[in-house]
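In case you want the letters, here they are:
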Amino acid sequence: MKKKIVLVNQHTAYLFIDITNAFAKHYDEVVLIAGVVHPLGNELNPKVKVQPIVPYNLKNIFTRVLSWIIGFIQVSWYLSFRYRAHEVFLYSNPPLLSFLPLFFKRKMSHLIVDVYPDIFVTSGILKSKKSIVFRIWRLLNKKALKKFHSVSTITDAMACRIQQYTEDKVVPVVNLWADESIGNHKISRSQNIFFKTHHLNPSKTYIIYSGNLGAGHDVQYLLEVAAQMRDNENIIFIIAGEGFKKQMIKNTIVEFKLDNCIWMPYQEKEIFKHMLAATDIGVVTIDEPNAYVSIPSKTFNIMAAGKPIICFGKKDSELGKLVVENGTGEIYAGEDLKECVAFIENLTNNQDTYEYFSNNSLQASKKYSLANAEKFVLMHTN
């Protein structure tokens, strides 16, 4: 009998592509249900069939919830009528997928990277845990999560939160990893198409943030650091991305005449690789709701490229622990920006200091390898 599996992730990027490809090595028929498939380096295995659903819409809370509901209905329909004989592996987007075991009796596993409904309270969407939405979701979680064959996550803190719903079921932790194609930091600056595309001087130092500019992302701190360092013409700050804070960022750059700071949109796949290679210091932010339960995947790509990292967020967050304990960079709260400026000056003026953090990033990245994708297959098949 053929082994068949369906994997579901409304917004599929390199991490879930790697997981899907890992399953493709062990299953005869593999289907990926996704709204968007966005490869960075590794392409999706050709044997994988992509079944489209509505994309995840980040515009506002209404569009997010609507895309979650529509996506959940579409996934349920496909599992009911088109993929009735398939096993299932789920990501936590859309979050309603956690309830599928209440409606389907088949082998299912779940990778949870956002803990709902908890995140609704910590993000302020719900006022308290006494909310009727929270209480109903929590009850459904307790009924549904214990029915999964396996439930896994990406940090110890998140595992503790999930276990309140899984009761005695252990929640294994699997570290994330960098995109395997991140070797482009070896490209010479004279051959780097990112500089050529944006008419940038490759002799300068570039501090770059690339990612979501959502309401919870404290990218404005990078603008404040840029303002404090505006007299240093050799350092350029770049913010690449889209989202709620985009217009604020563009307005601030113009209003305060931050000639050392540039906003640009998300870069296409090939340009992005060269942008990472052009980065001298990478920037990562973590909002408070996710401080103790998540680590942005861009962190691992920056490490794999051998770059020091500046983080904005809570010092005792999972992200803070990762960068500080591995010696790959530093993390700053909003009141610590003068220390951030001093750190940048130290990195840019002292080659030994720069190489220390750069080498630590490369070494740390070896702990977070593509081999971790196979662990999800093992958990599901055992």
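This write-up is about the structure you can find in this document. (Residues numbered from 1 in each chain as written. Predicted model: local features only at pLDDT ≥ 70, side-chain atom pairs only at ≥ 80, totals over all residues. Heavy atoms only, no water.)

### Things to note about the environment of Tyr292
- Here Tyr292 lies in the loop between strand E12 (281-285) and helix H10 (298-304).
- Spatially, the C-alpha atom of Tyr292 lies 6.0 Å from that of Ala157, the residues being 135 residues apart in sequence. (Helix = DSSP H or I, 4+ residues; strand = E, 2+ residues; numbered from the N terminus.)

### Considering the pairing of strand E11 (residues 261-264)
- Looking at chain direction, strand E10 (residues 235-240) and E11 are connected through four bridges and run parallel. The residue of E11 that forms the bridge with Phe237 is Cys261.
- In the classification by handedness, the crossover that spans E10, the intervening helix H8 (residues 246-255) and the parallel E11 is right-handed. (Pairing = 2+ DSSP bridges. Right-handed = clockwise from strand over helix to strand, strands pointing away.)

### Remarks on the side chain of Thr299
- For Thr299, the location among the structural elements is in helix H10.
- Given the relative accessible area of 0%, Thr299 is considered buried.
- Looking at Thr299, its side chain comes within polar contact range of the main-chain oxygen of Pro296, at 2.8 Å.
- Every residue in contact with Thr299, bar those within four places of it in the chain, is listed here: Val284, Ile309, Leu319, Leu322 and Val323. (Buried < 20%, exposed > 50% of the residue type's maximum accessible area, 1.4 Å probe, protein only. Polar contact = N/O pair within 3.5 Å; in protein donor to acceptor, adjacent residues only side chain to side chain. Contact = heavy atoms within 4.5 Å.)

### Things to note about a nonpolar patch on the surface
- Among the surface-exposed residues, Ile61, Phe62, Val65, Leu66, Ile69, Ile70, Ile73 and Ile125 lie close enough to one another that they form a single nonpolar patch of about 700 Å² accessible area.
- Following the sequence through the fold, Val65 ends up in helix H2 (residues 61-82).
- Its relative accessible area of 34% is what places Val65 among the partly exposed residues. (Patch = residues over 30% accessible without salt bridge, like charges linked within 9 Å, V, L, I, M, F, W, Y side chains within 5 Å. Areas by Shrake-Rupley, 256 points an atom, 1.4 Å probe, with all protein chains shown as cover. Salt bridge = Lys/Arg side-chain N within 4 Å of Asp/Glu carboxyl O.)

### A few points about the layout of surface pockets
- Considered as a void within the structure, the second largest pocket measures approximately 270 Å³ in volume.
- Considering the residues around the second largest pocket, the lining is formed by 14 residues, among which Asn175, Ile295, Glu318, Leu322 and Tyr368 are closest to the centre.
- Ranked by the residues each element gives to the lining of the second largest pocket, the list is headed by helix H11 (residues 318-325), at four residues.
- Considered class by class, the residues forming the lining of the second largest pocket number seven nonpolar, three polar and four charged. (1 Å grid on protein atoms, 1.4 Å probe; cavity = no way out; pocket = protein on both sides within 12 Å on 5 of 7 lines; lining within 4 Å. Points joined across faces, edges and corners; volume = space filled by probe spheres on them. Nonpolar A, V, L, I, M, F, W, Y, C, P; charged D, E, K, R; others polar.)

### Things to note about the pattern of salt bridges
- All told, the structure shown has six salt bridges when counted by the stated rule.
- Across the pair Lys273 and Glu270 runs a salt bridge whose closest N-O atoms are separated by 3.8 Å. Linking Lys273 with Glu270, this pair stays in helix H9 (residues 269-278), spanning three residues, or about one helical turn.
- Between Lys315 and Asp336 there is a salt bridge; the shortest N-O distance is 3.7 Å. Note that Lys315 is positioned in the loop between strand E13 (309-312) and H11 and Asp336 in the loop between strand E14 (329-332) and helix H12 (337-349), a separation of 21 residues in sequence.
- Classification of Lys315 by relative accessible area gives partly exposed; the value is 45%.
- With relative accessibility at 12%, the residue Asp336 sits in the buried group.

### Side note on the packing of helix H7 (residues 220-228) against H12
- Between H7 and H12, the least distance of the axes is 10 Å, while the angle of their chain directions is 65°. Regarding H7 and H12, the two cross each other, and that crossing is right-handed. Facing Tyr221, Glu224, Val225 and Gln228 of H7, the residues of H12 in contact are Leu337, Lys338, Cys340, Val341 and Ile344.
- Here the contact of H7 with H12 is built from residues that sort into six nonpolar, one polar and two charged. (Axes fitted to C-alpha atoms, helices over the stretch in contact; angles between N-to-C directions. Left-handed = near helix turned anticlockwise from the far one by under 90°.)

### Here's the deal with the nonpolar core
- If you look at the biggest cluster of nonpolar residues, it comprises 95 residues, and the most contacted ones within it are Leu7, Ile19, Phe23, Phe89, Leu100, Phe194 and Phe376.
- Sorting elements by how many residues they give to this core places helix H1 (residues 14-24) first, with eight residues.
- When residues no more than four places from it in sequence are discounted, the contact partners of Phe23 are Ile5, Leu7, Val30, Phe89, Phe376, Val377 and His380.
- By size, the runner-up hydrophobic cluster in this structure holds 30 residues, among which are Tyr221, Leu222, Ala226 and Cys340. (Core = buried A, V, L, I, M, F, W, Y, C linked by side-chain atoms within 4.5 Å.)

### Details of the sheet that holds strand E5 (residues 48-52)
- In space, the six strands of this open sheet follow the order E5-E3-E1-E6-E7-E8, with parallel pairing throughout. The open sheet has two edge strands, E5 and strand E8 (150-152), and neither has a second partner. On average, each strand axis in the sheet is inclined to that of its neighbour by 15°, with strand direction left out of account.
- Across four bridges, strand E1 (residues 4-8) lies against strand E6 (residues 87-90) in parallel orientation. Its bridge partner being in E6, Val8 is matched across the sheet by Leu90.
- Against the sheet, H2 engages E1, strand E3 (29-34), E5, E6 and strand E7 (108-111), with an angle of about 125° to E5.
- Against the sheet, helix H14 (residues 373-381) engages E1, E6, E7 and E8, with an angle of about 155° to E8.

### Focus: the pairing of E1
- When you tally the buried positions in E1, you get four out of five residues, the bulk of the element.
- As paired elements, E1 and E3 share five bridges and run parallel to each other. Within E3, the position partnered with Val8 by the bridge is Ile33.

### Observations regarding empty space enclosed by the protein
- A complete count under the given rule lists two cavities of 30 Å³ or more for this structure.
- As a volume, the largest cavity reaches approximately 80 Å³.
- Taken together, Ser92, Pro95, Ser98, Ile112, Asp114, Val115, Tyr116, Trp137, Asn141, Leu145, Ile162 and Tyr165 make up the full set of residues lining the largest cavity.
- For the lining of the largest cavity, the secondary-structure elements that each account for two or more residues are helix H4 (132-144) and helix H5 (156-166).
- Looking at the lining of the largest cavity residue by residue, the class counts come to eight nonpolar, three polar and one charged.

Purely geometric numbers; function is a separate question.
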